[in-house]
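This is what each chain is made of:
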2 protein chains.
Amino acid sequence: MSAIPRPVPPSAEPKAPQPAGTGLLFLREEEIRLAQDLLFFAYRDFTNAADVILEELELGRAHHRALHFIGRNPGITVSDLLVLLRITKQSLARVLSALIERGYVAQTPGSADRRQRLLALTASGAALERRLFERQRDCLAAAYREAGGPAVDGFRRVMRAIMNESARAYLDRAGTRATRSGGR
Amino acid sequence: MSAIPRPVPPSAEPKAPQPAGTGLLFLREEEIRLAQDLLFFAYRDFTNAADVILEELELGRAHHRALHFIGRNPGITVSDLLVLLRITKQSLARVLSALIERGYVAQTPGSADRRQRLLALTASGAALERRLFERQRDCLAAAYREAGGPAVDGFRRVMRAIMNESARAYLDRAGTRATRSGGR
DNA sequence: TAAATACGTCAACAACGCTGCCGGAAAACC
DNA sequence: GGTTTTCCGGCAGCGTTGTTGACGTATTTA
């Protein structure tokens, strides 16, 4: 068993009889297919970086995502968190109640609207989130170092362009929270 | 209910009393946290692009991933596909048997090693994969146009650097398959 | 007061991961 | 040539994380 699959024989048949002069189109397609691979592998290995810690605490990636967004948005409401994660109330409830039960997340009634339960990390929740963060940070920092500053800028531009409008809007507003950088 | 969560009040407490002069470190951390968000949202919306088609065919994302890698590696063995997807034999078997049952994937015994079942897309499988591909292509092509050529190069560099060694090696070998570009 | 909203919860279900075990065919080894 | 290993398929069972739909309660709003 090879740890790394072979490239597969150069495919004897040209599959689709391309019209002459499609060189550019073909390259374009291969570019896109490469991007599919890049997104799959990078996301897989990036999320994987935190799995060791999660496993020993009997938590899953869903818990990690919740911790991440609560940590980044202390005082967020449940319904806003639902919109961010794009999951249903039920899915979140399960994850959230586990986090609250273990003392990683605290909820306080909203001062303006007392129906709301504002979510925030407890001290131990923040500590856990930091451990998870550092794993992924190491992975990303190494990648940034290797790729270089200009590449990082391009990376951000493309990633941002891939996501839809509401996600971009969130990033814009989130960017004004911690740093004062504003719109890039 | 806001379609887009608010940025959350600028967090009255400075949470951790940072030692003076950590401006650069703080920026660094915010950079990494931004990247976490970018990966989450971009991957989510990118994979989401194909979901409409999958849903009407009663297929899932796991089926899409299998179609993608079989399409890109016609004649791949089951065990090599397992390594690529990083799932267990059982998980793949379920997905694969569904695809074979519906006539999207064909398996032929290996010529060198007749224990192997070499996997390839059928005509209808290739057609389906193309439909799925085109959805994601549209998403990516728009992003590439918007971000510009140099950004795309940076994107590729960073994504590649994020993934682990075996995934990079796969990309290198896959790159020599369709195009003759070799090492970028 | 009536309606809408924010949140929690229960039931049931589906997709997609996992482990462990068994079996058959073919290859590889001695 | 016989043993072992490998490649693959199948079965049983389970866990996580997503889904829908319905109902209840507190609170705000019209």
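So, here is what we can say about the structure in this document. (Residues numbered from 1 in each chain as written. Chains lettered and ligands numbered in written order. Predicted model: local features only at pLDDT ≥ 70, side-chain atom pairs only at ≥ 80, totals over all residues. Heavy atoms only, no water.)

Notes on the overall build of chain A
For clarity, the threshold we go by: Going along the chain from the N terminus, every DSSP run of H or I of four or more residues is numbered as a helix, and every run of E of two or more is numbered as a strand. When accessible area is computed with a 1.4 Å probe and restricted to protein chains, residues below 20% of their type maximum are described as buried, those above 50% as exposed, and intermediate ones as partly exposed. Using the Shrake-Rupley algorithm and a 1.4 Å probe, accessible areas are obtained, with residue cover drawn only from the displayed protein chains.
Each helix and strand in chain A was counted, giving eight helices and two strands. Put simply, chain A has 184 residues, and 45% of those count as buried. Total accessible area computed for chain A in this model is approximately 9,600 Å², and 56% of it derives from carbon and sulfur atoms.

Some remarks on the protein's contact with DNA strand C
Spelled out, the test is: For this description, a residue counts as near a given molecule or strand if any of its non-hydrogen atoms is within 4 Å of it. N or O atoms within 3.5 Å of each other form a polar contact, as long as, within protein, one can give a hydrogen and the other can take it, and as long as residues adjacent in sequence are counted only when both atoms are side-chain atoms.
Close to DNA strand C lie 25 residues, the nearest being Gln90(A), Arg115(A), Arg65(B), Thr88(B) and Arg94(B). Here DNA strand C approaches the protein such that, of its atoms within 4 Å, sugar and phosphate make up 53%. Between DNA strand C and Val78(A), the relevant distance is 3.3 Å, taken from a phosphate oxygen to a main-chain nitrogen or oxygen of the residue. Here a base nitrogen of DNA strand C and a side-chain polar atom of Arg94(B) are 2.4 Å apart. Listing elements by their share of the surface near DNA strand C, those giving two or more residues are α4 (78-85) and α5 (89-101) of chain A together with α3 (61-72) and α5 (89-101) of chain B. If one sorts the elements of the surface near DNA strand C by residue count, α3(B) sits on top with four residues.

Comments concerning the protein's contact with DNA strand D
Put simply, the rule is: For this scheme, ten residues count as nonpolar: Ala, Val, Leu, Ile, Met, Phe, Trp, Tyr, Cys and Pro. Four count as charged, namely Asp, Glu, Lys and Arg, and the remainder, Gly too, count as polar.
Around DNA strand D there are 24 residues in total, and Thr88(A), Ser91(A), Arg94(A), Gln90(B) and Arg115(B) lie nearest to it. Of everything in DNA strand D that lies within 4 Å of the protein, sugar and phosphate atoms constitute 54%. Measuring from a phosphate oxygen of DNA strand D, one finds a backbone N or O atom of Ala62(A) at 3.5 Å. Note that a base nitrogen of DNA strand D is positioned 2.3 Å from one of the side-chain N or O atoms of Gln90(B). Counting residues per element, the ones that place at least two in the surface near DNA strand D are α3 (61-72) and α5 of chain A together with α4 (78-85) and α5 of chain B. No other element matches the four residues that α3(A) contributes to the surface near DNA strand D. Considering only residue class, the surface near DNA strand D consists of four nonpolar, 10 polar and 10 charged.

Looking at the packing of α4(B) against α5(B)
Residues and elements named next belong to chain B. Inclusion rule: Lines fitted to C-alpha atoms define the axes here, with helix axes fitted over just the stretch in contact, and angles between the N-to-C directions of these axes take values from 0 to 180 degrees. Note on terminology: angles under 35 degrees are roughly parallel, angles over 145 are roughly antiparallel, angles of 65 to 115 are roughly perpendicular, and the others are oblique. Any pair of residues with heavy atoms lying within 4.5 Å of one another is described as a contacting pair.
Orientation of α4 relative to α5, taken along the N-to-C sense of each, is 110 degrees, at an axis distance of 10 Å. One element, α4, and the other, α5, form an angle in the roughly perpendicular class. Contacts between α4 and α5 involve Val-78, Leu-81, Leu-82 and Leu-85 from the former and Lys-89, Leu-92 and Leu-96 from the latter. Looking at side-chain class alone, the contact of α4 with α5 contains six nonpolar, no polar and one charged residues.

Describing α4(A)
Taken together, the buried positions of α4(A) are occupied by Asp80(A), Leu81(A), Leu82(A), Leu84(A) and Leu85(A). Phi for Arg86(A), located one or two positions after α4(A), is positive at around 60 degrees.

Some words on the nonpolar core
Put simply, the rule is: The term nonpolar core refers to a set of buried residues drawn from Ala, Val, Leu, Ile, Met, Phe, Trp, Tyr and Cys, joined through side-chain atoms within 4.5 Å.
Core analysis: the largest hydrophobic core is formed by 98 residues, its most contacted members being Phe41(A), Phe155(A), Met159(A), Ile162(A), Phe41(B), Phe155(B) and Ile162(B). Discounting chain neighbours no more than four positions away, the residues touching Ile162(A) are Leu39(A), Ala42(B), Asp45(B), Phe46(B), Cys139(B), Leu140(B), Ala143(B) and Phe155(B).

Quick word on the side chain of Asp45(B)
Relative to the elements of secondary structure, Asp45(B) occurs in helix α1 (residues 23-48). Classification of Asp45(B) as buried rests on a relative accessible area of 8%. For Asp45(B), the residues in contact, after removing those within four places along its chain, are Arg86(A), Ile162(A), Met163(A), Asn164(A) and Ala167(A).

Notes on the pattern of salt bridges
Residues and elements named next belong to chain B. Using the following cut-off: For this analysis, a salt bridge means a side-chain nitrogen from Lys or Arg found within 4 Å of a carboxyl oxygen belonging to Asp or Glu.
Taken as a whole and assessed by the stated rule, the structure comprises 32 salt bridges over all chains. In this structure, Arg-115 and Asp-113 form a salt bridge, with 2.8 Å as the shortest nitrogen-oxygen distance. Take Arg-115: its relative accessible area is 66%, and that puts it in the exposed class. Residue Asp-113 is classed as partly exposed on the basis of its relative accessible area of 21%. Between Arg-137 and Asp-138 there is a salt bridge, with its nearest N and O atoms 3.6 Å apart. Note on Asp-138: relative accessible area 44%, which makes it partly exposed.

What about the relation of the copies chain A and chain B?
The two chain copies are related to each other by a rotation about an axis together with a translation along it. Defined as follows: Here the copies are superposed with least squares, the fitted atoms being C-alpha atoms of residues at a pLDDT of at least 70 in both.
Superposing chain A onto chain B takes a rotation of 180 degrees combined with a translation of 0.0 Å along the rotation axis, leaving an RMSD of 0.0 Å. Such a combination of turn and shift is consistent with a two-fold rotation axis. Among all residues of chain A, the one whose C-alpha sits closest to the rotation axis is Phe155(A), at a distance of 1.8 Å. Residue by residue, 99% of the interface of chain A is reproduced at the interface of chain B, so both copies engage with the same surface.

A few points about helix α6 (residues 123-147) of chain B
All names here are of chain B. Note the cut-off: The span you would expect from a helix comes to 1.5 Å times its residue count less one.
Helix length check: α6, at 25 residues, gives a terminal C-alpha distance of 35 Å against a target of 36 Å (1.5 Å per residue), a fit within 8%. Among the residues making up α6, those that are buried are Gly-125, Leu-128, Glu-129, Leu-132, Phe-133, Gln-136, Cys-139, Leu-140, Ala-141, Ala-143, Tyr-144 and Ala-147. Positive phi appears at Gly-148, one or two residues downstream of α6, with a value of about 95 degrees.

What about the interface of chain A and chain B?
Note the following rule: What counts as buried area is the accessible surface, traced by a 1.4 Å probe, that two parts surrender upon association, with contributions from both included.
Facing the 80 residues of chain A at the interface are 80 residues of chain B. Of the roughly 8,500 Å² buried between chain A and chain B on both sides combined, carbon and sulfur atoms contribute 67%. Between Glu129(B) and Arg33(A) there is a salt bridge, with its nearest N and O atoms 2.8 Å apart. Across the chain A-chain B interface, the total number found is 20 residue pairs in polar contact (both at pLDDT 80 or more). Mapped onto the side of chain A that touches chain B, the elements with two or more residues apiece are α1 (23-48), α3, α4, α6 (123-147), α7 (149-162) and α8 (165-178) of chain A. For the side of chain A that touches chain B, the leading source of residues is α1(A), giving 22 residues. Counted by class, the side of chain A that touches chain B contains 43 nonpolar, 13 polar and 24 charged residues.

Everything listed here is a matter of geometry and, on its own, says nothing about what the molecule does.
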